[in-house]
Amino acid sequence: MIKRLNFLIFLVCCLSCFSSRAQSQKYVMVVHGGAGTILKKNMSAEKEQLYVEALRQSLQAGYNIIKRGGSSVDAVEAAIHILEDNPLFNAGKGAVFTNAGTNELDASIMEGEELKAGAVAGVTTIKNPISAARAVMEKSEHVLMAGRGAERFAQDCGLETVDPAYFKTEDRWRALQRALSADSAKAAAGKMSSKLSPSVVDEKFGTVGCVALDRSGNLAAGTSTGGMTNKKYGRIGDAPIIGAGTYCDNNTAGVSCTGWGEYFIRNAVAKTVCDLIAYKAYDIKKASEEVLKKVADMGGSGGLIILDRNGNAAMPFNTEGMYRGTVTTDGKIEVFIYK
């Protein structure tokens, strides 16, 4: 009897230990900073460390809010602020240039409890577009505002605005010049088409995003971008389109996408992933990988981050790399770049 009792005590302790370890691996936040041909051989140790540190800061900012009982929406906004303010990323300060030599920014945010959402598109003076998207969600009867109207609304809400010159960085300006030169060369050769050369695809894209799970069990997802280098005539990508670049529902998951926006719009990627979970009972990994395969089969590229209400996370992509990271309930941060 004593031996049996000791065995039962040992078994209970083992199960408790296992449960604690499993609980510690539940995720409360995932972030991304863009996907593309990101190869270690092309990355200096110094620049790699800058990306790693920026993603860590983003995760820590959001985690601090969740740890003290703040909302997932607050956490997403704070995490994306860090990336919007860092010129390494194609959002906010580091946004790419349009064909006309301007910076036009897009962002969206959605919460999973009541399915409220907000977005802005084509804005040029709002320092942190993710905050403007949140204002649309919480302080208007609309979901998407664009251009000067969105900027006026942001000002009315007391958000910080800046001179458009604030967003300019030399790296992005040089990328535009290379894209313009490539366009000129193709035009001279009579080879203009709607297809993008593989050599310039990776200078055209990049987006930041975050999905968070708070202590109340509510999810939120957000995405922010400068769009596509050399984009023309008011082009809008997937980032501000609810259901394409961002979607969130407590019953399924929160999703934020990055990549070739036109393909993510055509496949309604973020919503389709959630629908596969809802209607086919897929897990988050299978759902996201199936939709990304469809994007790739059509000729698109990119990735996404996904987090469900149980703290399960996935970060699939079909490119060579994606800036991405996670933080668990106990504050453990991990950052990844390459495949």
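Before reading further, recall that the structure is shown in the block above.
This structure is a prediction, so every number in the text was calculated from the model and none was measured.

1. Considering the sheet that holds strand β9 (residues 302-307)
In spatial order, the strands read β7-β8-β9-β10; together these four strands make up an open sheet with antiparallel pairing. Strands at the two margins of the open sheet, each flanked by one partner only, are β7 (246-248) and β10 (313-314). Looking at chain direction, β7 and strand β8 (residues 254-259) are connected through three bridges and run antiparallel. Its bridge partner being in β8, Tyr247 is matched across the sheet by Val255. The sheet contacts of helix α9 (residues 269-280) involve β7, β8 and β9, and relative to β8 the element is tilted by about 140 degrees.

2. As for α9
Over its twelve residues, α9 runs 16 Å from end to end, which matches the ideal 16 Å to within 8%, given 1.5 Å per residue. Residues of α9 that are buried in the fold lie against β7, β8, α8 (261-266), α10 (284-298) and β9. Note on α9: the residue one or two positions beyond its end, Ala281, has a positive phi of about 60 degrees.

3. Points about the pairing of strand β6 (residues 219-225)
Among the seven residues in β6, seven count as buried, and that is most of the element. Along β6, one buried face is formed by Leu219, Ala221, Thr223 and Thr225 and the opposite face, lined by Ala220, Gly222 and Ser224, is buried too. In this structure, strand β2 (residues 105-111) lies alongside β6, joined through six bridges in antiparallel fashion. Among the inter-strand pairings, Met110 is bridged to a residue of β6, identified as Ala221. In the sheet, strand β5 (residues 207-213) pairs with β6 via seven bridges, with the strands oriented antiparallel. Note on β6: the bridge partner recorded for Ala212 is Ala220. Between β5 and β6, which follow one another and run antiparallel, lie five residues, and Gly217 among them has a positive phi close to 85 degrees.

4. Here's the deal with the packing of α9 against α10
Where α9 meets α10, the axes come as close as 9 Å, and the angle between the chain directions of the two elements is 140 degrees. The angle between α9 and α10 falls in the class oblique. Between α9 and α10 lies a crossing whose hand is right-handed. Seen from α9, the contacting residues are Val269, Thr272, Val273, Leu276 and Ile277; seen from α10, they are Ile284, Ala287, Ser288, Glu290, Val291 and Val295. Here the contact of α9 with α10 is composed, by residue class, of eight nonpolar, two polar and one charged.

Conventions adopted
All residue numbers refer to position in the chain's written sequence, counted from 1. The predicted nature of this model means local features are confined to residues of pLDDT at least 70 and side-chain atom pairs, given and counted, to a pLDDT of 80 or more, with totals for whole chains, interfaces and linings taken over all residues. Only hydrogens and water are set aside; all other atoms, that is, all heavy atoms of the structure, feed into the side-chain values. Strands were regarded as paired on the criterion that DSSP finds at least two bridges between them. A run of H or I in DSSP counts as a helix once it spans at least four residues, and a run of E counts as a strand once it spans at least two, with each numbered from the N terminus. Residue contacts are defined here by distance: any two heavy atoms, one from each residue, within 4.5 Å place the two residues in contact. To obtain each axis, a line is fitted to C-alpha atoms, and for helices this fit is confined to the stretch in contact; angles are then taken between N-to-C directions over 0 to 180 degrees. Helix span is expected to be 1.5 Å times the residue number reduced by one. Exposure classes here rest on a 1.4 Å probe applied to the protein chains alone. A residue is buried below 20% of its type maximum, exposed above 50%, and partly exposed in between. For this classification, under 35 degrees means roughly parallel, over 145 means roughly antiparallel, 65 to 115 means roughly perpendicular, and everything else is oblique. Put simply, a crossing is left-handed when the front helix is turned counterclockwise from the back one by less than a right angle, and right-handed when it is turned clockwise. Residues are grouped as follows: Ala, Val, Leu, Ile, Met, Phe, Trp, Tyr, Cys and Pro are nonpolar; Asp, Glu, Lys and Arg are charged; all remaining types, including Gly, are polar.

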